[in-house]
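An overview of the molecular structure
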Amino acid sequence: MTLHRAPWFWAWVAAFAAFLATWSMSAGGGGGAALAVAALTFGSFSVLTGLGQMLVITMGPGNTDLSIPATMTLAGTLSLKLMGGMDGGAVTVLAGLLSALLIGMGVGIANFALIRLLRIPPIIATLSASFLYQSLAIWSNRGLRIKPPPALAEFTTGRDLLGVPNLAWVALAISMGFWVLLNLSGFGRRVSAIGQNARAARLAGVPVARVSAATYVICAMMAALTGFLLACFSGGAALNMGAEFLLMSIAVTVIGGSSIAGGNSNVPGIWAGALFMYLIVSMLNSYGLGAGVRLLSTGVIIIAIVAVASGRKAKP
Amino acid sequence: MRLINPRLALPILSLAILIVAVFWLQPRAMSYVGINLLFNLAVPIALATVAQMIIIMVNDIDLSMGAFVSLVACITAAILPGNPALGALMLLGCVLAYAALGALIEARQLPAIVVTLGMSFVWGGAGVLILPSPGGTSPVWLTAIMKAKPPLVPMAIIASLLIAGVAHLLIMRSAFGVRLRALGGNARAVSRAGRSTVRLRAMAYAVAGCFAVLAGMALVGLTTSGDANIALRYTLLSIAGVILGGGEFTGGRVSPIGAVIGALTLTLAGSFLSFLRLSPDWQIGAQGAILILVLAARLLVRQAEKRT
């Protein structure tokens, strides 16, 4: 296989182009490193949500998790509340992380139960359930902003290894796990098989219900983990902190070259998509454009990329 | 032909139950003014729901509806009163942009979810450019229409009936509507029959754009000012309304009358929750719960139908 045929190739080209374009705008030679650090830090959050969303999208048309923002808020709020009442040691951190993951698991199971039991399209199921999660978060939060334990705040904002943000290392490790899961495990093949032809997969003996339950649970747990990390990173949970990650998780998946129609996914593209999206926004920022033009150009760029990328796939 | 489509039975029933519940909680609502207040904000939601229904009818979903209605509200409030010609031209441009979107989605076989999600940024950005801070005024004639007080029946009810009637005739009764529904039912058959699917999808989006423009204008007529974020919740409301009204996500199976009923039900659900003195924390959650309940009820009804 030649490199330029890889589905994520053009996404990486675009990400580098955006990096150069932004870098050239920022004054001074030190801008490049700072820009890369910022892109890696903020890109990590998009990568983490994008990985989960990619897994769900891979299962085929209609499979999209719209409850990611609410799950992030709920997990961030509740885990910080739990940690706020503890001493801040290693046990606290572990308890917070575990509680966030458990919340994600619960959300994923609830989402899948709705899809399965009520036989409603996943988009509507996750959308209506996300209202409930959002309410739960509002109710438990009561407008209080609880600070994360200092150790976690330092870890999420720090750069302990090779000057690369810790968050990027975390995201990289998890991405590798996803790559193994998707490309080397039976589970990954089953997910792709369902996305390519659900009926054929079922007839071939793939346990469709169990596999899709697992993908929704994994996606929700990724969202919960992102919520936990984001809350620690930004010094507390906010009710709207997940809002931008709904579009981001889908955009990152599609820009990265995964098929929105399902059955075909790739992990490297998620990184390219995440870095590209962050760099585009900071590029538009550095041009000193107003909020309106910035929003407008972001939208136009996303659509242009999707239009071009899907045309590329139609050829072979 | 049966008088009432069985698909409509559940939406009508849920609306009736809600109306009874609201009147029971708040008997004062049972008056001309009360009903008008209850259903006033349903008019723009009903228009947006019909727009969303047309998109869902051709097997797409529009996640930019709220942002688009907000943009129309900005144009209506900021430009239409001072410069009617330019304002009308911009609104026409919005409809044409929608048509172009439909053509692009069909021609390049793009996922509508992603394109409309991207477009929500474009509409939002344009809205901020046109009206950087909330404000503007409603054109006098528009407010006059929206706040008219016809004898006996409140304006909100007349408008809802009118929207349902026009949408029903256009989608269910006209040859044009049949072709659009066929695009959702079996696009390949449509193209084999010699119709251009690109043109049809563009038309479907254009019609949806028209309804969405009307939704934005109606909203400004009621609130008398615009804001780039004024209608963001319409995206969710309109999708929920279509589903509550008995529409399906695939196959062109929708119901315009059901969609309007779904929009009325959702609006009423909001009032019902505030009459219940529910803690504001749970308002959004309760709407989600209502949506889930209705979907569960629909499943039970379907299963009962299958058994008989």
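Since we're looking at a predicted model, the values are computed, not measured.

A tally of regular secondary structure across chain A gives 13 helices and zero strands. Counting from the amino terminus, helix and strand elements in chain A follow one another as α-α-α-α-α-α-α-α-α-α-α-α-α. Compactness check: chain A gives a C-alpha radius of gyration of 19 Å against a globular reference of 20 Å for 316 residues, within 12% of the reference. Counting all 316 residues of chain A, 54% fall into the buried class. Put simply, 77% of the contacts in chain A that link residues at least 6 apart link residues at least 24 apart. For chain A, the exposed area adds up to about 13,000 Å²; of that, 70% sits on carbon and sulfur atoms.

Moving on: the interface of chain A and chain B. The interface of chain A with chain B comprises 37 residues on the first partner and 37 residues on the second. A combined buried area of about 3,400 Å² lies between chain A and chain B, and 84% of that area is made up of carbon and sulfur atoms. Taken together, the links from chain A to chain B amount to zero salt bridges. Linking chain A with chain B are two residue pairs in polar contact (both at pLDDT 80 or more), by the criterion used here.

The next subject is the confidence of the model for chain B. Should pLDDT be low for a region, the predicted coordinates there are not to be read in detail. Averaged over every residue, the pLDDT of chain B is 86; residues scoring 70 or more account for 98%. Across chain B, helix 4 (residues 65-78) of chain B holds the top mean pLDDT of 94, while helix 14 (residues 283-307) of chain B sits lowest at 78.

Residues Y287, L289 and V293 of chain A together with L129 of chain B make up a contiguous nonpolar surface patch of roughly 320 Å² in combined accessible area. Along the polypeptide, Y287 of chain A turns up in the loop between helix 12 (267-286) and helix 13 (291-314). In this structure Y287 of chain A comes out as partly exposed when scored by relative accessible area, which is 40%.

Calculation rules
- Residues numbered from 1 in each chain as written.
- Chains lettered and ligands numbered in written order.
- Predicted model: local features only at pLDDT ≥ 70, side-chain atom pairs only at ≥ 80, totals over all residues.
- Heavy atoms only, no water.
- Helix = DSSP H or I, 4+ residues; strand = E, 2+ residues; numbered from the N terminus.
- Rg over C-alpha atoms; globule rule 2.2 N^0.38 Å.
- Buried < 20%, exposed > 50% of the residue type's maximum accessible area, 1.4 Å probe, protein only.
- Contact = heavy atoms within 4.5 Å.
- Areas by Shrake-Rupley, 256 points an atom, 1.4 Å probe, with all protein chains shown as cover.
- Buried area = accessible area lost by both parts, 1.4 Å probe.
- Salt bridge = Lys/Arg side-chain N within 4 Å of Asp/Glu carboxyl O.
- Polar contact = N/O pair within 3.5 Å; in protein donor to acceptor, adjacent residues only side chain to side chain.
- pLDDT = per-residue confidence, 0-100.
- Patch = residues over 30% accessible without salt bridge, like charges linked within 9 Å, V, L, I, M, F, W, Y side chains within 5 Å.

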